[in-house]
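For reference, the chains in residue letters:
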Amino acid sequence: MHQEDLFKKLTAHCKEYGFIFQSSEIYDGLSAVYDYGQYGAELKNNIVKYWWDAMVLLNDNIVGIDSAIFMHPSVWKASGHVDAFNDPLIDNKDSKKRYRADVLIEEYIDKLEEKISKEVKKAAKRYGDKFDETMFRQTNKRVLDNIELIDSVKKRFIEASEKGDLEGIRQIIIDCKIADPESGSRNWTDVRQFNLMFETRLGSVSEDASKIYLRPETAQGIFVNFMNVQKSGRMKLPFGIAQVGKAFRNEIVARQFIFRMREFEQMEMQFFVRPGNEHEWYEYWKEKRMKWYKALGFDENKFRFHDHVKLAHYAKAAADIEFAFPFGFKEVEGIHSRTDYDLGQHQKFCGRKLQYFDTELNKSYVPYVVETSIGLDRMFLTLLAAAWDEEKIEKDNGAQDQRIVLRLPPSLAPVKLAVFPLVRKDGLPEISQKIRDDLRFDISCQYEEKDSIGRRYRRQDAIGTPFCITVDHQTKEDETVTLRYRDTMKQERVPAGKLREILGEKVSMKKLLQTL
RNA sequence: GCGGGAGUAGCUCAGUUGGCAGAGCAUCAGCCUUCCACGCUGAGGGUCGCGGGUCCGAAUCCCGUCUCCCGCUCCA
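Note that the structure is predicted; figures quoted are calculated from it, not measured. (Residues numbered from 1 in each chain as written. Chains lettered and ligands numbered in written order. Predicted model: local features only at pLDDT ≥ 70, side-chain atom pairs only at ≥ 80, totals over all residues. Heavy atoms only, no water.)

1. Observations concerning the overall build of chain A
Here's step 1: When helices and strands are counted, chain A shows 18 helices and 23 strands.
Here's step 2: Along the first, second and third principal axes, the C-alpha atoms of chain A reach 105 × 60 × 60 Å.
Here's step 3: Counting over 516 residues, chain A shows a buried share of 48%.
Here's step 4: For chain A, the share of sequence-separated contacts (at least 6 apart) that also reach a separation of at least 24 residues comes to 64%.
Here's step 5: Carbon together with sulfur atoms contributes 48% to the accessible area of chain A, which is approximately 26900 Å² in total.
Here's step 6: Between the mean site of the 83 positive side-chain charges and the mean site of the 83 negative ones, chain A shows a separation of 2 Å. (Helix = DSSP H or I, 4+ residues; strand = E, 2+ residues; numbered from the N terminus. Buried < 20%, exposed > 50% of the residue type's maximum accessible area, 1.4 Å probe, protein only. Contact = heavy atoms within 4.5 Å. Areas by Shrake-Rupley, 256 points an atom, 1.4 Å probe, with all protein chains shown as cover. Lys, Arg positive; Asp, Glu negative; His and termini not counted. Charge placed at Lys NZ, Arg CZ, Asp CG, Glu CD.)

Here is the structure:
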């Protein structure tokens, strides 16, 4: 099967079986926004629990918080998002390619600098030992012209950027005769500003209200509460703060189903360490986080690390955990060594000390941070893609059959157990419902009596229910039921009274967490 | 935003040259009482994405518009 087909089937399956719907579908939908349906919400909750327990429950030195989406506007100035998430974009009309205007100008400056160093090299060759580079740079006309040009372009660019003068930025590209690096065309559109942060207004009267942003990442809610948590929890370094929450980014193009959405959910943990220890902890969390994925029991080759060469403005080292989606290996989680950048910035902007007194070293310092940041929606998609199976079966009479089954880890499955009466009479429904009512406090159960037994099994396969039990006439005699396994379709006869014992272990999160 | 493809029943899709809106699955009711999709009978369900135009007549041709999918940039 082609991978692209698989992805299409997966998205169709999500809609058909109540995992994910497009937002506002009856009004033609809202681009790149999705709603989680009845089974989607369950699965999502289970993923969150698996993560939260792995981080907070199992680590004495990690606590969880839940910070607000609205934050003081200064937070985003301090974090660098106001500047870094503001990209001026320009399109080339001939090649139809889109570029960041600032990158085009930077590349132009790089080229000029290359020219200068070429000039210097050439001269060095010509003058031999007598060559004085400083002198040459100060006197050579071509070098001086280029330096002057670089300075003027830089000055114009900084001025235009500060004023938000998009026409000015475009004029630099025109004046410098910057061409599309691919096609060589100079046929440019206007420069447009894409602010990746959503803006809204806080305040009762719109005129007095101040502009605020919907957070583009949850991390800052952790950083601004660093002192609160450290003091109130009497936390000692190293320690971590975890959080699950919504974040918002106004993506230029948001695609690939729930992989890149405008409103998405992050599960982040910021781990605060003594400066100098950050590398050790970075490696620790890389391994720890990878283990979390591998514990799910899928093909391990589908997960890999991708180390970043180009780093974000705040990072010292960065690696992604990638999953082999039908559209290629893509990032699910990022592990970043963020240095003291964020706390340092907030310390500067808010004017208060955001420091930790280290009793061992007998001094105060701004801790370094190692971040683990996973996209919950991406994890959801990872699970579905990994669990999806279209199985070909040979029936007893030799006919071809197929079933679609989600091989989800039992502890994460939206429904753990389905209870069926074999037929809808002779008191079998009543017995079934009694069993369901008895188990529902411990195990997420579903009762179904419609359609043939085979169909009911297949419907549960399609939503990933790991176990089904069927109550038949024999149940009335010896209180045993048929237990049917999703993955193998095998059946066995078990006493109804022992179901909790047999299944409880299999579907519990505990078993999964113990392997970490 | 630009280029390419698509939009018909809840889902998957047919629909010829412009001439009565279709199938399978699903749903509902009744019958059957069955351990792995597809037993029998019947019923409901459509502004053919939306708006306009051409025509005696448009799902079909033309224009506009919205949404989705695939590429170009960014990221969790």
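2. What to know about the sheet that holds strand S22 (residues 480-485)
Here's step 1: Ordered in space as S20-S19-S21-S22-S23, the five strands form an open sheet in which the pairing is mixed. On the outer flanks of this sheet lie strand S20 (445-447) and strand S23 (491-495), each paired with one strand and no other. Adjacent strand axes in the sheet meet at a mean angle of 30 degrees when their direction is disregarded.
Here's step 2: Pairing geometry for S22 and S23, over five bridges, is antiparallel. Considered in S23, the bridge of Thr 482 is made with Arg 493.
Here's step 3: Strands in contact with helix H14 (residues 428-439) are strand S19 (417-421), S20, strand S21 (467-471) and S22; relative to S19, the strand with the most contacts, it is inclined by about 160 degrees. (Pairing = 2+ DSSP bridges. Axes fitted to C-alpha atoms, helices over the stretch in contact; angles between N-to-C directions.)

3. A closer look at unusual backbone geometry
Negative phi characterises most residues that are not glycine, and trans characterises most peptide bonds.
Here's step 1: Each neighbour pair has its own omega, and for Leu 237 with Pro 238 the value is -5 degrees, a cis peptide bond.
Here's step 2: Along the polypeptide, Pro 238 turns up in the loop between helix H10 (226-232) and strand S9 (239-248).
Here's step 3: Even without being glycine, Asp 426 reaches a positive phi, approximately 60 degrees.
Here's step 4: In this fold, Asp 426 is placed in the loop between S19 and H14.

4. Considerations on a positive patch on the surface
Here's step 1: Taken together, the side chains of Lys 111, Lys 115, Lys 118, Lys 121, Lys 122 and Arg 126 present a region of like positive charge at the surface.
Here's step 2: Here Lys 111 shows up in helix H5 (residues 101-127). (Patch = residues over 30% accessible without salt bridge, like charges linked within 9 Å, V, L, I, M, F, W, Y side chains within 5 Å. Salt bridge = Lys/Arg side-chain N within 4 Å of Asp/Glu carboxyl O.)

5. What about the packing of aromatic side chains?
Here's step 1: If you walk through the whole model with that rule in mind, you get 21 aromatic pairs.
Here's step 2: Here Phe 467 and Tyr 485 contribute two aromatic rings whose centre-to-centre distance is 5.7 Å and whose plane-to-plane angle is 80 degrees, an arrangement assigned as edge-to-face. Of the two residues, Phe 467 sits in strand S21 while Tyr 485 sits in strand S22, which places them 18 residues apart along the sequence.
Here's step 3: Members of the aromatic cluster, each reached through a chain of ring pairs, are Tyr 50, Phe 259, Trp 292, Tyr 293, Phe 303, Phe 323 and Phe 325. (Phe/Tyr/Trp six-rings, centres within 6.5 Å; stacked < 30°, edge-to-face > 60°.)

6. Topic: the pattern of salt bridges
Here's step 1: All chains considered together, the criterion is met by 29 salt bridges.
Here's step 2: When the shortest N-O distance is used, the salt bridge between Lys 44 and Glu 265 registers 2.9 Å. With Lys 44 in helix H2 (residues 38-57) and Glu 265 in strand S10 (residues 263-273), the pair connects residues that are 221 residues apart, well separated along the chain.
Here's step 3: In this structure, Arg 403 engages Asp 461 in a salt bridge whose closest nitrogen and oxygen atoms are separated by 2.8 Å. Pair noted here: Arg 403 is in strand S18 (residues 400-406) and Asp 461 is in helix H15 (residues 453-463), with a separation of 58 residues, a long-range link. Asp 461 carries the same exposure label as Arg 403, and that label is buried.
Here's step 4: Connected through shared salt-bridge partners, Asp 389, Glu 391, Arg 403, Arg 407, Asp 461, Arg 484, Arg 486 and Asp 487 make up one network.

7. Points about the packing of helix H7 (residues 141-163) against helix H8 (residues 166-175)
Here's step 1: Viewed as axis vectors pointing N to C, H7 and H8 meet at an angle of 155 degrees, and their least axial separation amounts to 8 Å. Put simply, H7 runs roughly antiparallel to H8. Each of Val 153, Arg 156, Phe 157, Ala 160 and Ser 161 in H7 lies in contact with H8, whose residues at this interface are Gly 168, Ile 169, Gln 171, Ile 172 and Asp 175.
Here's step 2: When grouped by side-chain class, the residues that make up the contact of H7 with H8 number five nonpolar, three polar and two charged. (Parallel < 35°, antiparallel > 145°, perpendicular 65-115°, else oblique. Nonpolar A, V, L, I, M, F, W, Y, C, P; charged D, E, K, R; others polar.)

8. Here's the deal with the domain arrangement of chain A
Here's step 1: For chain A, the domain assignment lists domain 1 (1-68 + 215-392), domain 2 (86-194) and domain 3 (408-513).
Here's step 2: One C-alpha centre belongs to domain 1, the other to domain 3; they are set 34 Å apart.
Here's step 3: Facing the 19 residues of domain 1 at the interface are 16 residues of domain 3.
Here's step 4: Taken together, both faces of the contact between domain 1 and domain 3 bury some 1500 Å²; the carbon and sulfur share is 76%.
Here's step 5: The three residues of domain 1 that bury the most area against domain 3 are Tyr 39, Asn 46 and Tyr 50, which together make up 33% of that side's buried surface.
Here's step 6: At the boundary of domain 1 and domain 3, one finds four residue pairs in polar contact (both at pLDDT 80 or more).
Here's step 7: Among the elements that line the side of domain 1 that touches domain 3, the one with the most residues is H2, at nine residues.
Here's step 8: Split into classes, the residues belonging to the side of domain 1 that touches domain 3 amount to 13 nonpolar, two polar and four charged. (Domains from an automatic or database assignment. Buried area = accessible area lost by both parts, 1.4 Å probe. Polar contact = N/O pair within 3.5 Å; in protein donor to acceptor, adjacent residues only side chain to side chain.)

9. Considering the packing of H5 against H8
Here's step 1: Relative to each other, H5 and H8 sit at 35 degrees, their axes nearing to 10 Å. The hand of the H5/H8 crossing is left-handed. Contact residues: H5 offers Ala 101, Leu 104 and Ile 105, while H8 offers Ile 169, Ile 172 and Ile 173.
Here's step 2: Looking at the contact of H5 with H8, its residues break down into six nonpolar, no polar and no charged. (Left-handed = near helix turned anticlockwise from the far one by under 90°.)

10. Topic: the environment of Ser 152
Here's step 1: Along the chain, the position of Ser 152 falls in helix H7.
Here's step 2: Residue classification places Ser 152 among the partly exposed positions, given a relative accessible area of 35%.
Here's step 3: Considered as a pair, Ser 152 and Gln 474 are 322 residues apart in the sequence and their alpha carbons are 90 Å apart.

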